[in-house]
Amino acid sequence: MKAALEEIAKKAFEELAHSQDLKALDAVRVKYLGKKGELTAILKQMGKLSAEERPVVGQLANQVRADIEEKLEETKLNLESKMLDLRLACETLDVTLPGSKQEIGKKHPLTIVLDEIKEIFIGMGFEIAQGPEVELDYYNFEALNVPKDHPARDTQDTFYINDNVVLRTQTSPMQIRTMENQKPPIRILAPGRVYRSDAVDATHSPLFHQIEGLVVDKNITMSDLKGTLEVFVKRLYGEDSVVRFRPHHFPFTEPSAEMDVQCFNCHGEGCPLCKGEGWIEILGCGMVHPKVLKNCGIDPEEYSGFAFGMGLERIVMRRYNINDLRLFFENNVRFLNQF
Ligand code: DAH
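About the thresholds
Residues numbered from 1 in each chain as written. Predicted model: local features only at pLDDT ≥ 70, side-chain atom pairs only at ≥ 80, totals over all residues. Heavy atoms only, no water. Helix = DSSP H or I, 4+ residues; strand = E, 2+ residues; numbered from the N terminus. Rg over C-alpha atoms; globule rule 2.2 N^0.38 Å. Buried < 20%, exposed > 50% of the residue type's maximum accessible area, 1.4 Å probe, protein only. Contact = heavy atoms within 4.5 Å. Areas by Shrake-Rupley, 256 points an atom, 1.4 Å probe, with all protein chains shown as cover. Lys, Arg positive; Asp, Glu negative; His and termini not counted. Charge placed at Lys NZ, Arg CZ, Asp CG, Glu CD. Salt bridge = Lys/Arg side-chain N within 4 Å of Asp/Glu carboxyl O. Pairing = 2+ DSSP bridges. Axes fitted to C-alpha atoms, helices over the stretch in contact; angles between N-to-C directions. Near = heavy atom within 4 Å. Polar contact = N/O pair within 3.5 Å; in protein donor to acceptor, adjacent residues only side chain to side chain. Nonpolar A, V, L, I, M, F, W, Y, C, P; charged D, E, K, R; others polar. Phe/Tyr/Trp six-rings, centres within 6.5 Å; stacked < 30°, edge-to-face > 60°. Disulfide = S-S within 2.5 Å. Parallel < 35°, antiparallel > 145°, perpendicular 65-115°, else oblique.

Let's shift gears to the overall build of the chain. Along its length, the chain carries 13 helices and 10 strands. Computed over the C-alpha atoms, the radius of gyration of the chain is 42 Å, more than 25% above the 20 Å expected from 2.2 N^0.38 for a compact globule of 339 residues. With respect to the principal axes defined by its C-alpha atoms, the chain has extents near 125 × 50 × 40 Å. Within the chain, the proportion of its 339 residues that are buried is 41%. In the chain, 65% of the contacts between residues at least 6 apart in sequence involve partners at least 24 apart. If you sum the accessible surface of the chain, you get close to 19,700 Å²; carbon and sulfur atoms cover 51% of it. Looking at charge distribution, the chain has the averaged site of its 42 positive side-chain charges lying 6 Å from that of its 52 negative ones.

Side chains that carry opposite charge are capable of pairing whenever their charged atoms lie near each other. In total, this model carries 20 salt bridges according to the counting rule given. Salt-bridge contacts for Arg319 lead to Glu116; the nearest nitrogen and oxygen are separated by 2.7 Å. You can see Arg319 sitting in helix α11 (residues 312-320) and its partner Glu116 sitting in helix α5 (residues 109-123), a full 203 residues away along the chain. Here Arg153 makes a salt bridge to Glu142, at a shortest N to O gap of 3.9 Å. Taken together, the residues span a long stretch of sequence, with Arg153 in helix α7 (residues 152-155) and Glu142 in the loop between α6 (137-140) and α7 at a distance of 11 residues. Overlapping salt bridges bring together Asp137, Glu142, Lys148 and Arg153 as one network.

This part is about the sheet that holds strand β5 (residues 186-195). Spatial ordering of the open sheet is given by β1-β5-β6-β10-β9-β8-β7, a layout of 7 strands whose pairing is mixed. Each end of this open sheet is capped by a strand with a single partner; those strands are β1 (127-128) and β7 (243-250). Pairing of β1 with β5 involves 2 bridges; the strand directions are parallel. Within β5, the position partnered with Glu127 by the bridge is Ile188. Running over the sheet, α5 touches β1, β5, β6 (207-217) and β10 (304-311) and is turned about 165° from β5. Lying on the sheet, helix α8 (residues 173-181) is in contact with β5, β6, β9 (279-288) and β10; it crosses β5 at an angle near 140°.

Around the ligand sit 15 residues, and of these Gln170, Ser172, Arg196, Gln210 and Glu212 come closest. Between the ligand and the protein, one listed contact pairs a nitrogen atom with a side-chain N or O atom of Ser172 at 2.9 Å. Contact with the protein chains hides 90% of the accessible area of the ligand, taken as 360 Å² for the molecule alone. Where the shell around the ligand is concerned, the elements lending two or more residues are β6, β9 and β10. Of the residues contributing to the shell around the ligand, the split by class is 5 nonpolar, 8 polar and 2 charged.

Let us look at the packing of aromatic side chains. One pass over the full model with this rule turns up 10 aromatic pairs. On the basis of an interplanar angle of 70° and a centroid distance of 5.0 Å, the ring pair of Phe121 and Phe126 is categorised as edge-to-face. On the basis of relative accessible area, Phe121 is assigned to the buried category, the value being 0%. For the ring pair Phe335 and Phe339, a centre distance of 5.1 Å and an interplane angle of 70° mean the geometry is edge-to-face.

Pairing between β7 and strand β8 (residues 253-262): 7 bridges, direction antiparallel. The partner of Pro247 across the bridge, within β8, is Ala257. Taken together, β7 and the strand that follows it, β8, pair antiparallel across an intervening segment of 2 residues.

What follows is about the state of the cysteines. For the structure shown, the criterion picks out 0 disulfides. As a non-bridged cysteine, Cys274 has Cys266 as the owner of its nearest cysteine sulfur, 3.6 Å distant. A relative accessible area of 3% means that Cys274 is categorised as buried. Not part of a disulfide, Cys285 finds its nearest cysteine sulfur in Cys296, a span of 19 Å. Residue classification places Cys285 among the buried residues on the basis of a relative accessible area of 2%.

On to the packing of helix α1 (residues 2-18) against helix α4 (residues 53-90), then. Following both chains from N to C, one finds α1 and α4 inclined at 0°, their axes separated by 10 Å at the closest point. In this view, α1 runs roughly parallel relative to α4, as classed from their interaxial angle. Along the contact surface, α1 presents Lys2, Leu5, Ile8, Ala9, Ala12, Phe13 and Leu16, while α4 presents Val57, Leu60, Ala61, Val64, Asp67, Ile68, Lys71, Leu72 and Thr75. Residues belonging to the contact of α1 with α4 are distributed by class as follows: 12 nonpolar, 1 polar and 3 charged.

If you want it as structure tokens, here you go:
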């Protein structure tokens, strides 16, 4: 039995010396010291020994167990430190390497200016409204006082989905949708995409953006319209901006006007930017037509309102001196990176 114990110690030490990882180490532990291990098996036979032999063999067995345990622990520490060295060697980090640059996206120029315009109107108590781009003919035309045979339809080259459904040609249907769902006082700004069947060139695109405004309350007058829009222009183009209102016609407003800003390049002298006019047209506006109010269930005897609509692209082109509308939609990164 003594010889068997010594043999176990020898074999265990050898196997430990050849163990390459912690898993192999554990296998050795189980093989010799585990419940069904070789050393344990020998200890179970101690009962068969004589009274004199038992303490001697017992002591030897304990010694062998202690030796194996000690060697196990030592090998384990060795292996762990070797593995750490290995990891450190292959995970080296060169802190002097140049960083990899993250490209950060930017706001589209249309969004930059739209956000600015929204901020200006929110500052005057307006709320932002949104509506569908695929719109009922009723909202895009009928309810806005443009019946089926009205000549104004010709000027808005409409994409028809079917007889009753169009791609909205203007953001004005948002006036109707708002008044149908909301009681005065109403103060909304409705920006969005609009569509017209135009051939693409430097100043035309079948898709562009408008910003609609609507105010309805008791005692709203033309001077509210003028004051609001003048404040807007001064915030957008600077306090020294000069505006003028020209009579115009829109089916859904009465009276109607167009608002011009004095050319901020030549201050009214006439230059290429304003095409020699001295003035630049900014938007259409007017007092909401009583028929339109009635169409939405609002009593024109009690309430009045004003509305306005402007094209976003033109405003942004003037702001950044962009001469071709197509640049907005081609998503050329060299163009977009300039903003
Ligand atoms: N919807 C008009 C257009 O597309 C612009 C417009 C003019 C909107 C006058 C208005 C307005 O709200 O009052 O040409």
